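Geometric and topological summary
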Amino acid sequence: MNSNRFLLWWDRVIAMTVKELKQLFRDPVLLAIIVYFFTADVYLAGEGIKLNLHNASVMVIDHDHSAASRELIYRFRPPYFDLKGEISGKKEAENLLNKGKVLAVLDIPEHFQRNLLRGKQVAVQLQVDTSDTVLGTLATSYAAQITADFGQDFAMQELGPVTGQTDNLPVIEDRHRVLYNPNQIDGWFMSISELLTVITILSMLLPAAAAVREKERGTIEQLAVSPLTPLQILLPKVIAMSLVILLGTAVCLFLIIIPAFHLPVKGSIPLFFAVTALYVFATSGIGLFIATASRTLGQVTMLVVLLMMPILLLSGVWTPPEAMPQGLRWAMTFSPLYYLTEMSYAILLKGADMYILKDLLLGLTLLGIAFFSFGVWRFRRQFG
Amino acid sequence: MGETALVKEPVIKIQGFCKSYKKQPAVKGIDLSVERGEIYGLIGPDGSGKSSLMKAIAGVLSFEQGELEVFGIKVDSESAAELIKARLGFMPQGLGLNLYADLSVEENIDFFAQLRQVTPAQLDQRKRKLLGITRLDKFRDRPMKNLSGGMKQKLGLVCTLIHEPELIILDEPTTGVDPVSRGDFWAILAELLREQGVTALVATAYMDEAARFHRLSLMYDGHILAAGEPEFICRQAQGSLVELSAEPQIQALDQLKNHYSQVEAIGSRLRVFIDNQSSDQAAKTVSNLLVGVDIKAIHASQPELEDAFIALLRRQRLSEQKTNSHTVPRFDKPLLENQGIAIAARQLTRDFGRFRAVDQIDFTVRQGEIFGLLGANGAGKTTAIKMLTGILPPTGGEGQVAGADMRYAGQTIKERIGYMSQAFSLYLDLTVIENIRLYARIYGVNRDIIKQRIAWVIDIAGLTDVTGQMTAGLPMGIRQRLALGCALVHQPGVLFLDEPTSGVDPVGRRRFWDILVHLARVEQVAILVTTHYMSEAEHCDHLALMYAGRVISDESPTNMIQSLQQEAGQLLEITTDRPLETLALLKQAGFNGAALFGKHIHLLALDIAAAEKQIRALLDRQAIRLIDSTIHAPTLEDVFVYRVLALENKERL
């Protein structure tokens, strides 16, 4: 009898899950959105967004016209900088910067070479447009590095013939080893982070949309008088939508990220999917809460956008936790995306295993249980 | 057609009107003309083309074919439409849909006045008058969303009338409104007609409102079946209606169905339409036909509009005629559980905060009984049903449903009952069979028999031809049967129906009630129906009338009518040559219940003879000619209005 009841319980859930899937596959708009998110959107993010400096436009005011100045100018070259040519004076430089035609203007003073050869200190000026902070800061630091390298090389050249032993100079050489993404390909980072964002949006939106649609169309009324419990009404939506999201994630990983960006998966793919499934379940709890707080699909989407912002900002995708003020670092423990981001990069790029991730896994599980119970509790109060 | 001989320019003139939506024709060639100062009705079920026609007349919908003239202006362009729009008022379908929920009554009116460029002085005067007639003046500051359904419709009417249009177009103004508010609504319309001589074009899905119109068009599937005065249309059906009560009823019903295609059972009565026979002939034919049945009473008369509608449809072969060849399949096994009482409510009470929605109600429903719960919007019907179906725990009192205690066994109750909600609440993006299968699994129908059970549902609900179709594409009547089928999928002993047939055409409604009558009489299913439509109430064996959370009357329909007759008397129908003046006169003379029904006036009077004498004298003095006066038995609608108004008046004192 007990096992019969158990089977009946699950048979009802399965029947409802099949219904949810059928409805989803008959909704062309929602389907198109899902397909777009998991393919084109991730591809665009991986291909389009660059975190390194790429072909930043530079112009030069060269007051020296010497071999040394030409040598320095020559070092501002692709892929980081794109030398657009020479201009005559400060006025023109200002004008171009104001109009946003160039990102930076390099100003080389008169007697640049002479002073260098005489062993005097020389300064060059770089005017940088930092209205885009990231780009501006990158340009400044790259330029600083180029100038420093040039200065060092020039000094060596001049000193070398004199002393004959450049190797003994007290110079620190920075030999960094880039781990996990040796070529620093932005596409790896960007496409994965976009995929995680997409998973987050959809795992809130899809169950919430499915639940609020029952309200909008009045079908909830018939379910409320049936022997289904609130959990049996909600669980199928979460199961169905999780299946769809996991399928989308697989498509995205195997058909977009790996082929397009040549991501070498270091860790266990099943572990990645298991973590993702856990995450979708956790986040769908927020979706269910959204469904109880809204009456229409429009309200659902607004709330998803609203909640997406803090989840994303507190996830550590854009700012690492260490860079956050203490209060926000604490708040990050409530952003489910924080756990997923940490774990996904760890699994896919670093090859981390379950043991390494145990704390994060535990955190996400607890958060998931809390969110999901809250969502079901709200729903039960509304319709129970 | 008995119209006054005065040659009048029609306000609306339509010829060969056609309208399609994406190649799907909605109106298929209609001719119509509406005279100045009349209330013209468009009656037809959902999807018959009423709304499309009305929108085109209001100048807000373009059309492909035909000619449309309003106020003598040909509506064939945007600019022509603008010309007529200023002179008419249009109230679209839906309770308060054209109003702003968060604005107060007065703000809504002011907004529409500004939109129509009514001067402040005019606005002030009209507002005072209209709010007075509609009795909304006490609620000036109340936000529209907090008004009852009937009040919303009255406010909608005020907003439509604020610029004093010559023509008002009202699309289903009485749908979803309780009988008392409906009565109010018609009275206001009559008064405006008298005072301002407006012309009104009104659509309704309810045949029983036909008597309210001077003339009307019966619409079905984009065509006009018949047009003219209500009596004229009834005569066009050419036949008689025989009403009888017989024992055993189900046997008599079967015998009649074998011979006639227009037969229905309403409560304990059977109604048969006999083609091409006079009343006397028809009664004889029917009594000769029935064998082995004890006829208790038989009576033949002219058909009512609904009978005429079905007869006309049948002649024009516009509707499928499968109703009678259809034998309803039986339950797998007879209902055993608790043969006596199916639903028992004792002192059932529910509070929401300090508001008492249901106040100590008592009633019982036996197996095999069709029980009606009547009441206006907000009377507590829905709350009562929610408690009985196990969704809402009661605050006090107790109840048994299908042998389970509703205080503790909500889940058990849910497994034993079937429920069909007012709004269609199945999945439109699933096919018919997918919906049935889903509910079969939700109700835990055994895997071994699920296939047979689905076939049984399809059979009992008559869905054989549409099993694979997407539910979204089905007409209302079939959707309702699908909803009933899904509610029956576990063959429950108790069935709850919340306003099951609103918006369904009469043919569909008959077929629907056929199934219900079978379920009650043959399978002994207990059926509880909530409604404020008297056409549904008439089907019930027993009625409970609710008002302000209480049951104020609990009787069989016949007894309800009889006790009203004892208290308030018979219904007197008066026809004069100047009905509007007559109405005003009668109201002055103290006949407060007098109401206008098209060209006739209805009033209740205990001493008919004395009343008639008094009225004759009154009319003589004003030189109004009394054309006819007849006595009718009051209807259930009269019972409802009388009882509720009596209580309202008592509370006011």
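All values reported here derive from a predicted model rather than from experimental measurement. Numbering of residues starts from 1 in every chain and runs along the sequence as written. Each chain gets a letter, beginning with A, and each ligand a number, beginning with 1, in the order they are written. Selection of residues for local features in this predicted model requires a pLDDT of at least 70, selection of side-chain atom pairs for listing and counting requires 80 or more, and totals for whole chains, interfaces and linings are taken over all residues.

So, on to the sheet that holds strand S2 (residues 24-34) of chain B. Residue and element names in this part refer to chain B. We treat two strands as partners when DSSP finds at least two bridges between them. For helices the rule is a DSSP run of H or I covering at least 4 residues; for strands it is a run of E covering at least 2, with both sets numbered from the N terminus onward. Spatial ordering of the open sheet is given by S2-S1-S4-S5, a layout of 4 strands whose pairing is antiparallel. Only two strands of the sheet have a single partner each, and these edge strands are S2 and strand S5 (73-74). When strand S1 (residues 12-21) meets strand S4 (residues 65-70), the two strands line up antiparallel, connected through 5 bridges. Residue pairing for S4: Ile12 is matched across the bridge by Val70.

Take the packing of helix H7 (residues 186-216) of chain A against helix H11 (residues 297-313) of chain A next. All names here are of chain A. Axes here refer to lines fitted to C-alpha atoms; in helices the fit is confined to the stretch in contact. Angles between the N-to-C directions go from 0 to 180 degrees. Packing of H7 against H11 brings their axes to within 10 Å, and their N-to-C directions diverge by 155 degrees. Here H7 is positioned roughly antiparallel relative to H11, judged by the angle of their axes. Crossing geometry of H7 relative to H11 is assigned as right-handed. Seen from H7, the contacting residues are Thr197, Thr200, Ile201, Met204, Leu205, Ala208, Ala209, Val212, Arg213 and Glu216; seen from H11, they are Leu297, Val300, Thr301, Val304, Leu307, Met308, Ile311 and Leu312. Each residue belonging to the contact of H7 with H11 can be placed in one class, and the counts come to 13 nonpolar, 3 polar and 2 charged. Oblique is the label for any angle not under 35 degrees, not over 145, and not in the 65 to 115 range, which are roughly parallel, roughly antiparallel and roughly perpendicular in turn. Two helices cross in a left-handed way if the nearer one is turned anticlockwise from the farther one by less than a right angle. They cross in a right-handed way if the turn is clockwise. Contact between residues is assigned whenever the C-beta positions, reconstructed from backbone atoms, fall within 7 Å. Polar here means any residue outside two lists: the nonpolar Ala, Val, Leu, Ile, Met, Phe, Trp, Tyr, Cys and Pro, and the charged Asp, Glu, Lys and Arg; Gly therefore counts as polar.

To count as a nonpolar core, a set of buried Ala, Val, Leu, Ile, Met, Phe, Trp, Tyr and Cys residues must be joined through C-beta atoms within 7 Å. Each residue is classed by its C-beta neighbour count within 10 Å, where at least 20 other C-beta atoms makes it buried, 12 or fewer makes it exposed, and intermediate counts make it partly exposed; the C-beta atoms are placed from backbone geometry. Judged by nonpolar contacts, the single largest core of 273 residues is most densely connected at Ala208(A), Ile57(B), Val158(B), Ile169(B), Ala200(B), Leu201(B) and Ile527(B). For this core, the element with the most residues is H7(A), which contributes 18 residues. If we ignore the near neighbours within four places in the chain, the residues touching Ala200(B) are Ile39(B), Tyr40(B), Ile168(B), Leu170(B), Leu189(B) and Leu193(B). Judged by nonpolar contacts, the second largest core, of 20 residues, contains Ala93(A), Ile108(A), Phe112(A) and Leu138(A).

Delimitation of the domains relies on an automatic or database domain assignment. Domain parsing of chain A yields domain 1 (2-49 + 184-383) and domain 2 (56-168). A C-alpha centroid distance of 49 Å is found between domain 1 of chain A and domain 2 of chain A.

Now for the pairing of strand S20 (residues 417-420) of chain B. Residues and elements named next belong to chain B. Alternating positions in S20 separate into two faces, Ile417 and Tyr419 on one and Gly418 and Met420 on the other, with burial throughout. Of the pairings in the sheet, the one linking S20 to strand S21 (residues 494-498) comprises 4 bridges and is parallel in character. Paired with Met420 across the two strands is Leu497, which belongs to S21.

So, on to the environment of Gly292(B). Along the chain, Gly292(B) turns up in the loop between helix H9 (279-289) and strand S14 (294-301). Distance from Gly292(B) to Pro248(B), taken between C-alpha atoms, is 9.1 Å for residues 44 residues apart in sequence.

What links the strands of a sheet is backbone hydrogen bonding, and the strands pair in either a parallel or an antiparallel sense. Residues and elements named next belong to chain B. If you trace the 6 strands from one edge of the open sheet to the other, you get S20-S21-S22-S17-S23-S24, paired in mixed fashion. At either end of the open sheet lies a strand with only one pairing partner, and these are S20 and strand S24 (550-555). When the angles between neighbouring strand axes are averaged without regard to direction, this sheet yields 15 degrees. By the bridge criterion, 5 bridges tie strand S17 (residues 370-375) to strand S23 (residues 542-547) in an arrangement that is parallel.

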